[in-house]
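Structural characterization, general
Residues per chain are reported as follows:
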There are 2 protein chains.
Amino acid sequence: MLAKKKNKNKDTTTEKMTSLCYTTIMKTALIQQKYHGTKAQTLIETTRHIAAAAGEGAELVVLQELHQHEYFCQSEMTRYFDYARNFKADVDYWGKVAARHKVVLVTSLFEERAPGLYHNTAVVFDRDGSIAGKYRKMHIPDDPGFYEKFYFTPGDTGFEPLDTSVGRLGVMVCWDQWYPEAARIMALKGAEMLIYPTAIGWFDHESDGEKRRQWESWITIQRSHAIANGIPVLSCNRVGFEPDPGGALEGIHFWGSSFVCGAQGEMLTQADTESETILYADIDPDHTRQVRDIWPFLRDRRIEKYDCIGHRFCDSDPDTRTRPSV
Amino acid sequence: MLAKKKNKNKDTTTEKMTSLCYTTIMKTALIQQKYHGTKAQTLIETTRHIAAAAGEGAELVVLQELHQHEYFCQSEMTRYFDYARNFKADVDYWGKVAARHKVVLVTSLFEERAPGLYHNTAVVFDRDGSIAGKYRKMHIPDDPGFYEKFYFTPGDTGFEPLDTSVGRLGVMVCWDQWYPEAARIMALKGAEMLIYPTAIGWFDHESDGEKRRQWESWITIQRSHAIANGIPVLSCNRVGFEPDPGGALEGIHFWGSSFVCGAQGEMLTQADTESETILYADIDPDHTRQVRDIWPFLRDRRIEKYDCIGHRFCDSDPDTRTRPSV
């Protein structure tokens, strides 16, 4: 089944840069979960689901954002930094799970790099349990109930896809999913699919219309990354209600709706908004290639005119904005 | 009603750079049309629709791509370059229409710049008939039935929004709609809405599934530009069947479906796939501002890590791709 083994020899890495390296249909699984009250109980559940997914033939398993714990960013409390102190042990644990079930595993962990310096970090394991690489969440949100700038130092990994035995994976995390730049860079570096562990939900006090607009925009922006770049997108979201421990807000109703879409942004499968689910999808690299060949958006990019992307805002000097005469 | 008049004095243009300059709800109209067999008859129809839209209170009217003619890019024939030779007269005509009905008017014309040098050019007129500016289509497609690289030199305007009495407009054309870079740059330069005259449709021989995927991806990618940038998107598409004059393919069934969505990508209104329609939508700048303030994607961009966007593909030297150790 596997078209490509991970190559650990730096001297022969050139062949790794060929994109679309997986050549057969691959079964993937996304594990959409609730938080089960304790880290220990949650790990038991997650590990059981991974075993089940592997038993069904999944080669790639994706977990949701910060899957070991409650979504603790609802309030700002230093005690939650304790969650990050077991990062090395957590990495050991998930590596063993990946190896035991022979799956490529995308995890989302809270990393202590030094006291007072923490990251929201996706660690990707190959099927032998080795670390394929990690990605530190680059775009950090901060809005009521999602106080991530208190907890997470913005990542310094850049947008580097990770090579695994099932292909080159463009792994990012949650808020990154709103940034077309991030998806594009992963694709330009040869990512064969985009993967987003995420934790997003509603506040119950919001109107039904607002809830629908937020939910649809979250789906739409991620499907758009598939379309713009001609590669599948896998998005794994948390589910269930979690109260705000600080009591400032009621709590977050995580909306689940994990999904996999193909290279045209077409929905292959999607979970509901309430259930714990293992969501399976077959990814077909032939379809991806065909889509890219007939709608070759990468062919026509006007790269010499994209300088503004590297600026915060392009308002510095209006007089330099030239207009053609008709 | 109008919050801002076009300012033609270069010395006082600084105030023009403030984004979201329109402050009251604005009525917009998109004119989704068929080709009526001749340019003369088509102009009569379009002009009648503009008058009707103005009568309904529209302040901004958007026409579809190359609205004066059939979509001639279905085959490669030099005789179609004759269509571009009246560019100056066309500009005069539409300027007078804009002035007569006191609307800001977005047109899409075939521009002869020199023999053998042609552009697919959007000319935007202010409500007094003056030229607010023009945009030459930057991304040029070429696929069976859409042989635009034969006809159109890629634009040299870059992505510059155009100031009008109803605000700063990010006008692009058709294939540009697949490029998140283009939408982002317009937003970073202060565009208050994105506008796409377009001409896209189905080949009848394609499967229903493929037709649906293409149609949905076209809608999804444009809604995503609204979401990523927090501004409304107006997309005006052609409708009706037009045979391939070269006979290589049967012809294109333009799928209409013109739409306006708000700053969360929410559909405000959408036309059907078959009818000639004047599609009205009210655009609310307060909603746009609120969306941007609560989901401030521009705040968190990692501009120091976006260099790869300016490259064709980032495969030059795999050994320079560094990975952090865990």
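Residues numbered from 1 in each chain as written. Chains lettered and ligands numbered in written order. Predicted model: local features only at pLDDT ≥ 70, side-chain atom pairs only at ≥ 80, totals over all residues. Heavy atoms only, no water.

1. Re the relation of the copies chain B and chain A
- Of the two same-sequence chains, chain B is brought onto chain A (RMSD 0.0 Å, axial shift 0.0 Å) by a rotation of 180°. Taken together, the turn and the small shift mark the pair as related by a two-fold rotation axis.
- Taken together, the interface assignments show that 100% of the residues at the interface of chain B recur at the interface of chain A, consistent with an identical surface on both copies. (Least-squares fit on C-alpha atoms with pLDDT ≥ 70 in both. Contact = heavy atoms within 4.5 Å.)

2. A closer look at the sheet that holds strand β1 (residues 26–32) of chain A
Residues and elements named next belong to chain A.
- With mixed pairing, the 6 strands of this open sheet are ordered in space as β5-β4-β3-β2-β1-β15. The open sheet is flanked by β5 (131–136) and β15 (277–283), the only strands paired with a single partner. For this sheet, the mean angle separating the axes of adjacent strands, direction not counted, is 30°.
- Relative to strand β2 (residues 60–63), β1 is paired through 4 bridges, and the arrangement is parallel. In the sheet register, Ala 29 faces β2, and the bridge partner there is Val 61.
- Contacting β1, β2, β3 (104–114) and β15, helix α1 (residues 39–55) runs over the sheet at an angle of about 35° to β15. (Pairing = 2+ DSSP bridges. Helix = DSSP H or I, 4+ residues; strand = E, 2+ residues; numbered from the N terminus. Axes fitted to C-alpha atoms, helices over the stretch in contact; angles between N-to-C directions.)

3. Section: the packing of helix α4 (residues 180–188) of chain A against helix α5 (residues 208–229) of chain A
All names here are of chain A.
- Packing of α4 against α5 leaves a shortest axis separation of 10 Å and a crossing angle of 40°. Looking at the two axes, α4 sits oblique to α5. Relative to α5, α4 is oriented so that their crossing is right-handed. Contacts between α4 and α5 involve Pro 180, Ala 183, Arg 184 and Ala 187 on the former and, on the latter, His 225, Ala 228 and Asn 229. (Parallel < 35°, antiparallel > 145°, perpendicular 65-115°, else oblique. Left-handed = near helix turned anticlockwise from the far one by under 90°.)

4. Examining the packing of aromatic side chains
Residue and element names in this part refer to chain A.
- Taken as a whole and assessed by the stated rule, the structure comprises 58 aromatic pairs over all chains.
- With a centroid separation of 5.6 Å and an interplanar angle of 80°, the aromatic rings of Phe 72 and Tyr 83 are classed as edge-to-face. Taken together, the positions of Phe 72 in the loop between β2 and α2 (87–101) and Tyr 83 in the loop between β2 and α2 put the pair 11 residues apart, joining distant regions of the chain. Side by side, Phe 72 and Tyr 83 carry an identical accessibility label, which is buried.
- Ring centres of Phe 72 and Phe 152 lie 6.2 Å apart, and the angle between their planes is 65°; this geometry places the pair in the edge-to-face category. Of this pair, Phe 72 sits in the loop between β2 and α2 while Phe 152 is found in the loop between α3 (148–151) and β6 (162–164), placing the two residues 80 residues apart along the sequence. Phe 152 matches Phe 72 in its accessibility class, with the two residues each being buried.
- Through pairs of rings, three or more aromatic residues link up here, namely Phe 72, Tyr 80, Phe 81, Tyr 83, Phe 110, Tyr 118, Phe 150, Tyr 151 and Phe 152.
- For Arg 238, the ring lying beneath its charged end belongs to Phe 254, and the centroid distance is 5.6 Å. (Phe/Tyr/Trp six-rings, centres within 6.5 Å; stacked < 30°, edge-to-face > 60°. Buried < 20%, exposed > 50% of the residue type's maximum accessible area, 1.4 Å probe, protein only. Lys NZ or Arg CZ within 6 Å of the ring centre and 35° of its normal.)

5. Quick word on helix α4 (residues 180–188) of chain B
Residues and elements named next belong to chain B.
- The buried fraction of α4 is high, at 9 of 9 residues.
- Those residues of α4 that fall on the buried side of the exposure criterion are Pro 180, Glu 181, Ala 182, Ala 183, Arg 184, Ile 185, Met 186, Ala 187 and Leu 188.
- Where α4 ends, the next residue or the one after it, Gly 190, has phi of about 95°, a positive value.

6. A few points about the environment of Leu 63 of chain B
Residues and elements named next belong to chain B.
- With respect to the secondary-structure elements, Leu 63 resides in strand β2 (residues 60–63).
- Given the relative accessible area of 0%, Leu 63 is considered buried.
- When the C-alpha atoms of Leu 63 and Gln 264 are compared, they prove to be 24 Å apart, with 201 residues separating the residues in sequence.
- Residues contacting Leu 63, with those up to four places away along its chain left out, are Ile 31, Thr 46, Ile 50, Trp 94, Leu 105, Val 106, Thr 107, Pro 197 and Cys 236.

7. Some points on the pairing of strand β5 (residues 131–136) of chain B
Residues and elements named next belong to chain B.
- Burial analysis of β5 places 5 of its 6 residues in the buried class, the great majority of the element.
- Across 5 bridges, strand β4 (residues 117–125) lies against β5 in antiparallel orientation. What sits directly across from Thr 121, in β5, is Arg 136.

8. Notes on the interface of chain B and chain A
- Taken together, the contacts link 81 residues of chain B with 82 residues of chain A.
- Where chain B packs against chain A, one counts 8 salt bridges.
- Between Glu 216 of chain A and Arg 223 of chain B there is a salt bridge, with the nearest N and O atoms lying 2.7 Å from each other.
- Linking chain B with chain A are 33 residue pairs in polar contact (both at pLDDT 80 or more), by the criterion used here. (Salt bridge = Lys/Arg side-chain N within 4 Å of Asp/Glu carboxyl O. Polar contact = N/O pair within 3.5 Å; in protein donor to acceptor, adjacent residues only side chain to side chain.)

9. A closer look at the sheet that holds strand β11 (residues 239–243) of chain B
- The strand order β9-β12-β11 (chain B) describes an open sheet built from 3 strands, whose pairing is antiparallel. Sheet topology places β9 (201–202) and β11 of chain B at the edges, where each strand pairs with a single neighbour.

10. Thoughts on the environment of His 69 of chain B
Residue and element names in this part refer to chain B.
- Mapped onto the secondary structure, His 69 falls in the loop between β2 and α2 (87–101).
- Spatially, the C-alpha atoms of His 69 and Lys 305 are 44 Å apart, while their sequence positions differ by 236 residues.
- Leaving out residues up to four positions away in the same chain, His 69 has contacts with Tyr 35, Lys 39, Tyr 83 and Arg 238.

11. Concerning the state of the cysteines
- If you walk through the whole model with that rule in mind, you get 2 disulfides over all chains.
- The disulfide partner of Cys 308 of chain A is Cys 314 of chain A, and the S-S distance across this bridge is 2.0 Å. One quick way to see it: the torsion about the S-S bond of Cys 308 of chain A and Cys 314 of chain A is about 115°, and its sign makes the bridge right-handed.
- No disulfide involves Cys 261 of chain A; its nearest neighbouring cysteine sulfur is the one of Cys 236 of chain A, lying 14 Å away.
- In this structure Cys 261 of chain A comes out as buried when scored by relative accessible area, which is 0%.
- No disulfide involves Cys 73 of chain B; its sulfur sits 9.5 Å from that of Cys 174 of chain B, the nearest cysteine. (Disulfide = S-S within 2.5 Å.)

12. Describing the confidence of the model for chain A
Residues and elements named next belong to chain A.
- Summary statistics for chain A give a mean pLDDT of 92 and a share of 90% for residues scoring 70 or more.
- Segment residues 321–326 is flagged for pLDDT under 50; beyond a separation of four residues in sequence, or across chains, it makes 20 contacts in the model.
- At the level of chain-chain contacts, confidence expressed as ipTM amounts to 0.91, with global pTM at 0.92. (pLDDT = per-residue confidence, 0-100.)

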